[in-house]
Amino acid sequence: MLKIQNLDCGYGRMKVIDGVDFEVGTESVGLFGPNGAGKSTLISAIMGMVKPWKGSIELDGKRIEGVETHTIARMGVALVPQERELFPGMSVEDNLVLGAAYIPHAKDGIPEQLEKIFALFPILKERRTQLAGTMSGGQQRMLAIGRALMSKPRLLILDEPSLGLQPSIVTEVFEVLKGLKSSVSILVTEQNVRESLRAIDRGYVLENGRIVLEDSAEGLKTNPYVIKSYLGL
Ligand SMILES: Nc1ncnc2c1ncn2[C@@H]1O[C@H](COP(=O)(O)OP(=O)(O)OP(=O)(O)O)[C@@H](O)[C@H]1O
Ligand SMILES: [Mg+2]
């Protein structure tokens, strides 16, 4: 589905992503690493928001470097950004509908897709007329995920979905991701490695813009370096 080869990119003259090889197939993949490692930058490059300096990014065999973000979204990639990107003054339902409004393959099936999202997150159905900005942090995260799913993506990218949430909500978010695994490919960046390992098949560790480790969830869980640096045992 997604294949990145030998990618360099950054801001101004500062290189942030350095020779990264990275792949997501029909599976759920984690991208871990400390603050400033370049996780969000790598995602921005995939979404066409940061221009690659070198290397290639392919989606289903098509090169997408330099392709515009809205085109990448129409190709079936949806992003739940690190900073919530809701329209706070609009209702829950209108936020959801907007997730599909500009995506040709999703636009016609809005009522059906809305019901699917409401089944996944019953709280959103209950609060469908509430203004998004007045929902709790956890509810807004669910809404952001729901909105991304409204576009019927083939690849769902989530940038630190657990950020700022209390532990019980974090567990809930990862339960949802686990349930989605069979219907959509997932790429998730996380500081919370322990929780995400339950929801992913495979993961990468990114440090200073380089991939330093790549393994199955099981392999990462038992890797001494991961345990010491990311699982805090
Ligand atoms: N728009 C920008 N302009 C200049 N530098 C940036 C920009 N965005 C990020 N950076 C820098 O790029 C580096 C990587 O940042 P990035 O946000 O990709 O890291 P991250 O791994 O997502 O970190 P976090 O876990 O804190 O979200 C950092 O040094 C950051 O200061
Ligand atoms: Mg980030």
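What you see is a predicted model; the values in this text were computed from it and never measured.

Caption draft 1: Representation of the domain arrangement of the chain. The domains assigned to the chain are domain 1 (1–76 + 157–233) and domain 2 (83–153). In this structure, domain 1 and domain 2 have C-alpha centres spaced 23 Å apart. Between domain 1 and domain 2, the residue contacts involve 15 residues of the former and 13 residues of the latter. Buried surface at the junction of domain 1 and domain 2, summed over both partners, amounts to about 1100 Å²; 75% is from carbon and sulfur atoms.

Caption draft 2: Focus on the site of ligand 1. Near ligand 1 you find 14 residues, and of these Asn35, Gly36, Lys39, Thr41 and Gln191 are the closest. Here an oxygen atom of ligand 1 sits 2.8 Å away from a polar atom, N or O, in the side chain of Ser40. If ligand 1 stood free it would expose 630 Å²; the protein chains cover 60% of that surface. Among the secondary structure elements, those contributing two or more residues to the shell around ligand 1 are strand 2 (14–24) and helix 1 (39–46). Looking at which element gives the most residues to the shell around ligand 1, the answer is helix 1, with 3 residues. The residue makeup of the shell around ligand 1, split by class, is 5 nonpolar, 7 polar and 2 charged.

Caption draft 3: Expanded view of the pairing of strand 9 (residues 202–207). For strand 9, the tally of buried residues reaches 6 of 6 residues, placing the bulk of the element in the interior. Judged by which residues are buried, strand 9 turns out to be covered on both faces: Arg202, Tyr204 and Leu206 on one side and Gly203, Val205 and Glu207 on the other are all buried. As paired elements, strand 9 and strand 10 (residues 210–216) share 6 bridges and run antiparallel to each other. The residue bridging Tyr204 from the neighbouring strand is Glu214, located in strand 10. Adjacent in sequence and paired antiparallel, strand 9 and strand 10 are bridged by 2 residues, among which Asn208 carries a positive phi angle near 45 degrees.

Caption draft 4: The coordination of the magnesium ion (ligand 2), seen in detail. Around the magnesium ion (ligand 2), the protein supplies Ser40 (OG) and Gln82 (OE1) as donor atoms, at distances of 2.0 to 2.2 Å. Of this pair, Ser40 sits in helix 1 while Gln82 sits in the loop between strand 6 (77–80) and helix 3 (92–101), and the two are 42 residues apart along the sequence. Relative accessible area serves as the criterion here: at 24%, Ser40 is assigned to the partly exposed category. For Gln82, a relative accessible area of 25% translates into the label partly exposed.

Caption draft 5: Quick peek at the pattern of salt bridges. Considering all chains together, one arrives at 14 salt bridges under this definition. Here Lys39 makes a salt bridge to Glu160, at a shortest N to O gap of 3.8 Å. You can see Lys39 sitting in helix 1 and its partner Glu160 sitting in the loop between strand 7 (155–159) and helix 8 (167–180), a full 121 residues away along the chain. With relative accessibility at 4%, the residue Lys39 sits in the buried group. Across the pair Lys125 and Glu115 runs a salt bridge, and its minimum N-O distance is 3.6 Å. Linking Lys125 in helix 6 (residues 122–126) with Glu115 in helix 5 (residues 110–120), this pair joins segments that are 10 residues apart in sequence. Within the structure, one salt-bridge network assembled from shared partners comprises Asp8, Lys15, Asp18, Lys54 and Arg210.

Caption draft 6: Here's a closer look at unusual backbone geometry. Even without glycine at this site, Asp60 takes up a positive phi of about 50 degrees. With respect to the helices and strands, the residue Asp60 is situated in the loop between strand 4 (54–59) and strand 5 (62–63). If you check the backbone angles, Asn208 has positive phi at about 45 degrees while not being a glycine. Looking at the secondary structure, you find Asn208 in the loop between strand 9 and strand 10.

Caption draft 7: Spatial organisation of the packing of helix 5 against helix 7 (residues 137–150). Contact geometry for helix 5 and helix 7: axes closest at 10 Å, N-to-C directions at 150 degrees. As helix 5 packs across helix 7, the resulting crossing turns out to be right-handed. Judged by residue contacts, Ile110, Gln113, Leu114, Ile117 and Leu120 of helix 5 engage Gly146, Leu149 and Met150 from helix 7. Among the residues making up the contact of helix 5 with helix 7, the classes are represented as 6 nonpolar, 2 polar and no charged.

Caption draft 8: Quick look at the sheet that holds strand 3 (residues 28–32). The strand order 6-7-8-3-9-10 describes an open sheet built from 6 strands, whose pairing is mixed. Of all strands in the sheet, those with a lone pairing partner are strand 6 and strand 10, marking the two edges. Pairwise comparison of adjacent strand axes, ignoring direction, gives a mean angle of 15 degrees for this sheet. Against the sheet, helix 1 contacts strand 3, strand 6, strand 7, strand 8 (185–190) and strand 9, and its axis sits at roughly 150 degrees relative to strand 7. Contacts from helix 7 reach strand 6 and strand 7 within the one sheet, and its direction differs from that of strand 6 by about 170 degrees.

What counts, and at which threshold
- Residues numbered from 1 in each chain as written.
- Chains lettered and ligands numbered in written order.
- Predicted model: local features only at pLDDT ≥ 70, side-chain atom pairs only at ≥ 80, totals over all residues.
- Heavy atoms only, no water.
- Domains from an automatic or database assignment.
- Contact = heavy atoms within 4.5 Å.
- Buried area = accessible area lost by both parts, 1.4 Å probe.
- Near = heavy atom within 4 Å.
- Polar contact = N/O pair within 3.5 Å; in protein donor to acceptor, adjacent residues only side chain to side chain.
- Areas by Shrake-Rupley, 256 points an atom, 1.4 Å probe, with all protein chains shown as cover.
- Helix = DSSP H or I, 4+ residues; strand = E, 2+ residues; numbered from the N terminus.
- Nonpolar A, V, L, I, M, F, W, Y, C, P; charged D, E, K, R; others polar.
- Buried < 20%, exposed > 50% of the residue type's maximum accessible area, 1.4 Å probe, protein only.
- Pairing = 2+ DSSP bridges.
- Donors = N, O, S within 2.8 Å, 3.2 Å for Na, K, Ca; no water.
- Salt bridge = Lys/Arg side-chain N within 4 Å of Asp/Glu carboxyl O.
- Axes fitted to C-alpha atoms, helices over the stretch in contact; angles between N-to-C directions.
- Left-handed = near helix turned anticlockwise from the far one by under 90°.

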